[in-house]
Amino acid sequence: MPENRLGRREMLGAAGVAACGLTLARCGSGDAKAQPSLKGKVIAKTADVPVGGGKLIEDLRVVVTQPTQGVFMAFSSICTHKGCAVSTPKENIIRCACHGSEFAADSGQATKGPATAPLASFKIKVEGDGIVVV
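Residues numbered from 1 in each chain as written. Predicted model: local features only at pLDDT ≥ 70, side-chain atom pairs only at ≥ 80, totals over all residues. Heavy atoms only, no water.

## Some remarks on the overall build of the protein chain
Phase 1 of the analysis: Per the secondary structure count, the protein chain includes one helix and 10 strands.
Phase 2 of the analysis: Ordered by position in the sequence, the α and β elements of the protein chain form the string α-β-β-β-β-β-β-β-β-β-β.
Phase 3 of the analysis: For the protein chain, the proportion of its 134 residues judged to be buried stands at 31%.
Phase 4 of the analysis: Within the protein chain, contacts between residues at least 6 apart in sequence are counted, and of these 43% link residues at least 24 apart. (Helix = DSSP H or I, 4+ residues; strand = E, 2+ residues; numbered from the N terminus. Buried < 20%, exposed > 50% of the residue type's maximum accessible area, 1.4 Å probe, protein only. Contact = heavy atoms within 4.5 Å.)

## A short note on the pairing of strand E9 (residues 124-127)
Phase 1 of the analysis: In terms of strand pairing, E9 meets strand E10 (residues 130-133) through four bridges, oriented antiparallel. In the strand pairing of E10, Ile-124 is matched with Val-133.
Phase 2 of the analysis: Joining the antiparallel neighbours E9 and E10 is a turn of two residues, in which Gly-128 adopts a positive phi near 65°. (Pairing = 2+ DSSP bridges.)

## Considerations on the pattern of salt bridges
Opposite charge on two side chains makes pairing possible when the charged atoms of those side chains draw close.
Phase 1 of the analysis: Counting across every chain of the model gives three salt bridges.
Phase 2 of the analysis: When the shortest N-O distance is used, the salt bridge between Glu-102 and Arg-95 registers 3.4 Å.
Phase 3 of the analysis: Relative accessible area serves as the criterion here: at 16%, Glu-102 is assigned to the buried category.
Phase 4 of the analysis: With a relative accessible area of 30%, Arg-95 lands in the partly exposed category.
Phase 5 of the analysis: For Glu-127, the salt bridge is made with Lys-125, and the minimal N-O distance between the two is 2.9 Å. (Salt bridge = Lys/Arg side-chain N within 4 Å of Asp/Glu carboxyl O.)

## Looking at the environment of Thr-116
Phase 1 of the analysis: Following the sequence through the fold, Thr-116 ends up in the loop between strand E7 (110-112) and strand E8 (121-122).
Phase 2 of the analysis: Overall, the relative accessible area of 71% leaves Thr-116 in the exposed class.
Phase 3 of the analysis: C-alpha of Thr-116 to C-alpha of Thr-80: the two residues are 36 residues apart in sequence and 7.5 Å apart in space.

## Observations regarding the sheet that holds E10
By way of backbone hydrogen bonds, the strands of a sheet pair with one another, either parallel or antiparallel.
Phase 1 of the analysis: Strand order in the open sheet formed by three strands is E1-E10-E9, with antiparallel pairing between adjacent strands. Looking at the sheet topology across the chains shown, the edges are occupied by strand E1 (42-45) and E9. Geometrically, the sheet is characterised by an average inter-axis angle of 30° between neighbouring strands, direction not taken into account. (Axes fitted to C-alpha atoms, helices over the stretch in contact; angles between N-to-C directions.)

## Observations regarding the pairing of strand E4 (residues 71-76)
Phase 1 of the analysis: The sheet contact formed by strand E3 (residues 62-68) and E4 spans five bridges and is antiparallel. Within the sheet, the bridge partner assigned to Val-64 lies in E4 and is Ala-74.
Phase 2 of the analysis: Here E3 folds back onto E4 in antiparallel fashion, the turn holding two residues, of which Gly-70 has a positive phi close to 85°.

So, in structure tokens, the structure goes:
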């Protein structure tokens, strides 16, 4: 009787397919928890947001940038392509590691695909040393 064994190649192939499936599921999953109301909340301290860079606030799903000295912006940290989280901004660029999309730190506009839509923005103001959503 023939045995129903998987060879090394088949096992590695199956493991690779499973890993890719998990990665894609994480990237485009619609089961992310709803963002709490941010209105009136201090989401970052001005000293924590470098000029030309930014700060990623993972638990709030917000990225705060300071494209030029004293100018602060806040955007959703969820990429508009497949829903992955973007990384901490550097050199005035917000990048998504999943598929390579890039967004302008001063506007949230998609500057490199595959994303074409801008990141959602939040209206903010500086109160003392805090950045507050209005």
